[in-house]
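So you can see what is in the structure, the chains are spelled out below.
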Amino acid sequence: MSGERYVYGFDEPTEGGRELLGGKGIGLAEMTQLGVPVPAGFTITTDACRAYMASGGDLPDGLEAQVDEHLIRLQEVSGKRFGDPDDPLLVSVRSGAAVSMPGMMDTILNLGLNDEAAEGLARRTDNPKFARDSYRRLIQMYGEVVEGIEGHRFEDALAKYADDLPAVIEAYKQIYQEETGRSFPQDAKEQLGRAVRAVFDSWNTPRAKAYRRYNDIPDDLGTAVNVVQMVFGNKGEQSGTGVAFTRDPSTGEAGLYGEFLADAQGEDVVAGIRTPEPLERMHDRLPEAYDEFLDTMRRLEEHYRDMQDIEFTVEDGRLYLLQTRSAKRTAAAALKCVVDMVDERLISREEAVARIDPAQLDQLLHPRIDPSSTYEAVATGLNASPGAASGAIVFEADTAEDRAKEGEAVILVRWETTPDDIHGMIAAQGILTAHGGMTSHAAVVARGMGKPCVAGCDALSLDLEERTASLNGTTLKEGDTITID
Ligand SMILES: Nc1ncnc2c1ncn2[C@@H]1O[C@H](COP(=O)(O)OP(=O)(O)OP(=O)(O)O)[C@@H](O)[C@H]1O
Ligand SMILES: [Mg+2]
């Protein structure tokens, strides 16, 4: 190969480390090295992204050829062909910067499907529901990420046709056509090329920029792009997907801490669309994959000598790891964790002290409602991020930002937050959501920010037209004051 090298297989060594491969890429490469089950794939480097940005949107010379070479290798390893109408190789195209920016950039799953290949996959797996569900997800994610189509257009169509997947797919293709003036691309290589560019571009979305400003992350680092062979959690009851922490990210307690969703793809858990089950339930459904997962979590903690935040998927009973990263945690958890890890002889005392971030200690001094006072909570949810906060109810991120600018304390109240709400979360004193678990967007981002967050408050319902919230029969208007703890 001549010129600069921009692509590395997960099984190929590099000196470049996290800066070059991004956090997700280096994690996938290290897990592959460790012999942890990871789907095959390759990483397009942050160098490639920086070259792309510097040129104003041209892929650097040699990148396309290197991607082709690695696709050929992936076909050899998987025994499937990209774009094959009978037994297609499908991939995800995933962002992943060197610095952690949870959920801020874009990912597309099930890439490589088209009309014919979806039917081929249905025949091949004898599972038309799975094949069509995968295809409709691709059209939706590709439509949103590559073409910027509003997600609600797809959500509305999905709600309308529900389980009639052929009708959903037709409606999705129609939406795509209306919004772009073109039909959904049937060529797998075209899908891949445009997805890679879109993921590079997702470095510069307003939400990613807002997140970087808030966290003092430089704007010129760029993201790597990971192309990962798809494994399917949406193949039925012997499949599923989950997220787990190797310790409790709120308290630091050792023990099992995660969520699992049967017959689903990863984005369902993160997006908080369906509320997942506690990880322990996976034991009853998929005992072997469960045991292997516990063992793998232990190995990853030993390797990284730190609390990990892990994404995994089970396809027909077989376990695959899709991501591992150092877990975002509260200050209390950080302290508990290093103390325990010294006891467990995972790290030294000196290392323990060095790991405590002075800025995070501030969190320990978070206000809480006076424990000796008596009060009655109108409703309860999950303690997604500790601390108490009071403020005026606002229902939108923009309103939160506007009112906070006027000096008002606000609590952002939403059904669920999405990455587009980031500026509102930054502006708010605290966050309350009706839906989603401990790994939902609101929970993860609030913990990272050290902001109080109560998530998955089932008793909360919102009427966004009337601009009211109802909590166990108490109706509150926008602007009314609430307290969360
Ligand atoms: N090849 C794959 N097979 C199955 N699931 C996948 C694959 N690639 C990604 N996923 C799942 O899709 C979801 C989105 O992926 P990804 O990790 O790229 O983005 P994210 O979790 O939304 O954000 P972040 O950048 O913070 O990780 C995750 O749940 C992930 O586990
Ligand atoms: Mg992820």
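Residues numbered from 1 in each chain as written. Chains lettered and ligands numbered in written order. Predicted model: local features only at pLDDT ≥ 70, side-chain atom pairs only at ≥ 80, totals over all residues. Heavy atoms only, no water.

A. The arrangement of the site of ligand 1 in detail. In the vicinity of ligand 1 lie 17 residues, with Ser 92, Arg 94, Gly 103, Thr 107 and Glu 311 positioned nearest. A distance of 2.8 Å is found between an oxygen atom of ligand 1 and a side-chain nitrogen or oxygen belonging to Glu 311. Between ligand 1 and Arg 325, the relevant distance is 3.0 Å, taken from an oxygen atom to a side-chain nitrogen or oxygen of the residue. Starting from 610 Å² of accessible surface for ligand 1 in isolation, the protein chains cover 93%. (Near = heavy atom within 4 Å. Polar contact = N/O pair within 3.5 Å; in protein donor to acceptor, adjacent residues only side chain to side chain. Areas by Shrake-Rupley, 256 points an atom, 1.4 Å probe, with all protein chains shown as cover.)

B. The arrangement of the coordination of the magnesium ion (ligand 2) in detail. Summarising the metal site, the magnesium ion (ligand 2) is bound by the protein donors Glu 311 (OE) and Gln 323 (OE1), whose distances to it range over 2.0 to 2.1 Å. With a gap of 12 residues between them, Glu 311 in strand β11 (residues 308-315) and Gln 323 in strand β12 (residues 318-326) connect regions that are remote in the sequence. Looking at Gln 323, the relative accessible area reads 6%, which means it is buried. (Donors = N, O, S within 2.8 Å, 3.2 Å for Na, K, Ca; no water. Helix = DSSP H or I, 4+ residues; strand = E, 2+ residues; numbered from the N terminus. Buried < 20%, exposed > 50% of the residue type's maximum accessible area, 1.4 Å probe, protein only.)

C. Spotlight on the sheet that holds strand β6 (residues 107-111). Read across the open sheet, the 5 strands follow the order β1-β2-β7-β5-β6; overall the sheet is antiparallel. Edge positions in the open sheet fall to β1 (7-9) and β6, since each of these has one partner strand only. Across this sheet, the average inter-strand angle for adjacent strands is 20 degrees, counted without regard to direction. Each of β1, β2 (41-44), β5 (91-97) and β7 (223-229) is contacted by helix α3 (residues 63-78), which is oriented at about 165 degrees to β2, the strand it contacts most. (Pairing = 2+ DSSP bridges. Axes fitted to C-alpha atoms, helices over the stretch in contact; angles between N-to-C directions. Contact = heavy atoms within 4.5 Å.)

D. Expanded view of the domain arrangement of the protein. Under the domain assignment used here, the protein contains domain 1 (7-229), domain 2 (231-357) and domain 3 (382-484). Summarising the inter-unit geometry, the C-alpha centres of domain 1 and domain 2 are found 24 Å apart. With 28 residues of domain 1 at the interface, the matching set in domain 2 holds 23 residues. Summing the contributions of domain 1 and of domain 2, the shared interface buries around 2100 Å²; its carbon and sulfur component is 55%. Of all residues in domain 1, the largest losses of buried area upon contact with domain 2 belong to Pro 37, Phe 130 and Arg 137, amounting jointly to 25% of the total for that side. Linking domain 1 with domain 2 are 4 salt bridges. For Glu 311, the salt bridge goes to Arg 94, with nearest N and O atoms at 3.3 Å. Linking domain 1 to domain 2 there are 14 residue pairs in polar contact (both at pLDDT 80 or more). Those elements that provide at least two residues to the side of domain 1 that touches domain 2 are α1 (17-34), β6, α5 (128-147) and β7. Of the residues assigned to the side of domain 1 that touches domain 2, the class counts are 14 nonpolar, 8 polar and 6 charged. (Domains from an automatic or database assignment. Buried area = accessible area lost by both parts, 1.4 Å probe. Salt bridge = Lys/Arg side-chain N within 4 Å of Asp/Glu carboxyl O. Nonpolar A, V, L, I, M, F, W, Y, C, P; charged D, E, K, R; others polar.)

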